[in-house]
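Geometric and topological summary
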Amino acid sequence: MRDADDRSTARRAAIVIGLVLATLFGLALIWATRRLLAWAVVAAFFAVALKPLVDGVQRRFVRRRALATLVVFLAAFGVLAALIAVIFLPLVDELGRFAARAPDLVRETRAGRGPVGEALERLRLRRYVTGHSDQIEQYGDQLREPAVSLVRRVLETLAGLITVIVLAYLMVLEAPRITAGVTALLSDRAARRARRIGRGVSRVVTGYLTGNLLISVICGALTFLVLVLTGVPFAGVIALLVAIADLLPLVGATLGAILAGGAGFLHSPTAGIVVLVFFVIYQQVENHLLQPVIMARAVRLNPLTVLASVLFAAELAGLIGALLAIPVAGIGQLLLREFGPRRNRRPRPAGEHADEG
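Remember, it's a predicted structure, so these values are computed and weren't measured experimentally. (Residues numbered from 1 in each chain as written. Predicted model: local features only at pLDDT ≥ 70, side-chain atom pairs only at ≥ 80, totals over all residues. Heavy atoms only, no water.)

Topic: the nonpolar core
How we decide: Among buried residues, the Ala, Val, Leu, Ile, Met, Phe, Trp, Tyr and Cys ones that are joined through side-chain atoms within 4.5 Å form a nonpolar core. Remark: exposure states derive from per-residue accessible area (1.4 Å probe, protein chains only) relative to the maximum for the residue type, with buried under 20%, exposed over 50%, and partly exposed in between. Starting at the N terminus, helices and strands are each numbered in turn, a helix being any DSSP run of H or I of at least four residues and a strand any DSSP run of E of at least two.
If you look at the biggest cluster of nonpolar residues, it comprises 38 residues, and the most contacted ones within it are Ile-238, Phe-279, Val-299 and Ile-326. Those elements that place two or more of their residues in this core are helix H2 (34-60), helix H9 (188-230), helix H10 (235-245), helix H11 (252-267), helix H12 (269-298) and helix H13 (303-339). By size, the runner-up hydrophobic cluster in this structure holds 14 residues, among which are Leu-50, Val-62, Ala-68 and Phe-73.

Take a look at the structure:
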């Protein structure tokens, strides 16, 4: 009897130790492949967003799934490439002009003339720059040292971008087969629920993207108007960069304010002050009016949940976490509503009942 008890205890101990080791191995595997997992999550995010568009193109214009997917991806990334060209071609041109004028600008700055020199004079920084020129040159030499590391990071980012595009393309292409294979393993009721959840997830992701893009377009348009009224040069390029920066949660609006404000102060102190005042007011309007109203309609989350999810995800996973926080919170709310206790569920509107069939 005692031998049987000892064997049972040893078996339970072995099971517990095995579970602990398996958990540690799984966590170590996730940590070792965290970059690839992050790319896969981002790819799935874009695949869910683009799938309804691919389905629409396939129904209306192209019968073949592969061709419809290719058309949508080429169109999406063609628009992205056009935006990049609109941004970077003027910047490259300006960098060329700046490089040609660099010696004159340095001489003017040392003499307290020119936009940079006058700005340093107004801020009483020219004496500091003149007195610490050797130290500033040392900082410049130190910045040249990690050039190899910078090139490596650029190549890693490019590899990640290509991986995300390929994964998203394959996910959208194989979506019907994956859906059919999963639903074939389920009962009719479970299959209907799975399809309903899939439609809800797609609605959350596309709503988040649409809402975020709308807010960024509003920010860029208002920034362009303010820069034109204050006479700041290259208002279109700066406004476009501000709109793209505004896509980033938490830090995007601040980066845009620094960029536009710096351009304004280089033009004139009055323009810089006007631009900064505009961004202070706009950020309050965006945080307390635009974000709650647009995101509440797009993702159906209250403002407190939006802010808390972004802060928590940014602390855990950095920029990628902040980008995915709102749609993940919306999907979590959808799953809680779907699988939560029935007594806590709100009755669905008549339109949602009709959608289940």
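Considering the UniProt feature "transmembrane region" (unreviewed entry) in the chain
The criterion, for reference: UniProt positions are given in the numbering used here, feature names are shortened, and annotations may be inferred rather than shown by experiment.
Feature annotation in UniProt assigns "transmembrane region" (unreviewed entry) to the following positions: residues 12-31, 37-54, 66-89, 158-186, 207-228, 234-258, 265-285 and 305-336. The annotated region residues 12-31 carries 100% helix and 0% strand content, and the separation between its end C-alpha atoms amounts to 29 Å. Segment residues 37-54 splits into 100% helix and 0% strand. End C-alpha atoms: 25 Å apart.

Comments concerning the pattern of salt bridges
Close approach of charged atoms allows side chains of opposite charge to pair. Note the following rule: The term salt bridge refers to a side-chain nitrogen of Lys or Arg lying within 4 Å of a carboxyl oxygen of Asp or Glu.
Taken as a whole and assessed by the stated rule, the structure comprises five salt bridges. For Lys-51, the salt bridge is made with Asp-55, and the minimal N-O distance between the two is 2.8 Å. On the criterion of helical spacing, the pair formed by Lys-51 and Asp-55 is a turn pair, its members being four residues apart in helix H2. Residue classification places Lys-51 among the partly exposed residues on the basis of a relative accessible area of 29%. By relative accessible area, Asp-55 is classed as buried at 16%. Of the charged contacts, one joins Glu-338 and Arg-196 as a salt bridge, the two residues approaching to 2.5 Å between their closest N and O atoms. Here Glu-338 is found in helix H13, whereas its partner Arg-196 is found in helix H9, with 142 residues between them in sequence. Through salt bridges with shared partners, one network takes in Lys-51, Asp-55 and Arg-65.

Overview of the environment of Phe-265
Topologically, Phe-265 is positioned in helix H11. For Phe-265, a relative accessible area of 34% corresponds to the partly exposed category. For the pair Phe-265 and Leu-276, spaced eleven residues apart in sequence, the C-alpha separation works out to 9.5 Å.

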